[in-house]
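Chain by chain, the residues:
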Amino acid sequence: MTKVVYGKTYDRFYLEISGHAYPEYGDTGTQSEQDGSESTAVCAAISILALSAGQMLGEMDANGEFSSCSITLDDGYALFDITPSDAEVSGKTEVIFEVMMGGINYLEENYPYLVTVE
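Basis of the calculations
Residues numbered from 1 in each chain as written. Predicted model: local features only at pLDDT ≥ 70, side-chain atom pairs only at ≥ 80, totals over all residues. Heavy atoms only, no water. Helix = DSSP H or I, 4+ residues; strand = E, 2+ residues; numbered from the N terminus. Polar contact = N/O pair within 3.5 Å; in protein donor to acceptor, adjacent residues only side chain to side chain. Contact = heavy atoms within 4.5 Å. Pairing = 2+ DSSP bridges. Axes fitted to C-alpha atoms, helices over the stretch in contact; angles between N-to-C directions. Buried < 20%, exposed > 50% of the residue type's maximum accessible area, 1.4 Å probe, protein only.

Some thoughts on the side chain of threonine 2
Right, so step 1: Within the secondary structure layout, threonine 2 lies in strand β1 (residues 2-8).
Right, so step 2: At a separation of 3.2 Å, a polar atom in the side chain of threonine 2 contacts the main-chain amide nitrogen of alanine 21.
Right, so step 3: If we ignore the near neighbours within four places in the chain, the residues touching threonine 2 are Ile17, Ser18, Gly19, His20, Ala21, Ile46, Leu114, Val115 and Thr116.

This is the structure in structure tokens:
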């Protein structure tokens, strides 16, 4: 199961994604879940969301738009801890996180045995 923790304060964005989109032991599901095709598709979707956001946020960091920026992208794990430098940058950053969380929330709604948002 992929677990997602998202938090936002007035000046900080935090998102942690951990685990692969495999059902937890004892979960039942469709044949496609059992053969792995749903797990593979959901994992790929989450990965592309995280990698795309990482690319955009990394470029913003390289341009000096953040007071602090920590981005970790590993196999089965992603962490974003971002503090924008001003209100304008905060707005741009929020759009990136909203798009990413929109995709993740869609996946949670349609594949609750593979993705959970806390």
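What to know about the sheet that holds strand β5 (residues 115-117)
Right, so step 1: Taken in spatial order, the 5 strands make up an open sheet running β3-β4-β2-β1-β5, and their pairing is mixed. With one partner strand each, in any of the chains shown, β3 (66-74) and β5 form the two edges of the open sheet. Strand-to-strand twist across the sheet, computed as the mean angle between neighbouring axes with direction ignored, equals 10°.
Right, so step 2: Two strands pair when backbone bridges link them, and strand β2 (residues 13-18) and strand β4 (residues 77-84) are joined in this way by 6 bridges, in the antiparallel orientation. In the sheet register, leucine 15 faces β4, and the bridge partner there is phenylalanine 80.

What to know about the pairing of β4
Right, so step 1: Of all 8 residues making up β4, 6 are buried, and the element is well covered by its neighbours.
Right, so step 2: One ladder, built from 8 bridges, connects β3 with β4; its direction is antiparallel. Across the sheet, the residue bridging to isoleucine 71 is phenylalanine 80, located in β4.
Right, so step 3: Between β3 and the antiparallel strand that follows it, β4, lie 2 residues; glycine 76 among them carries a positive phi value of about 75°.

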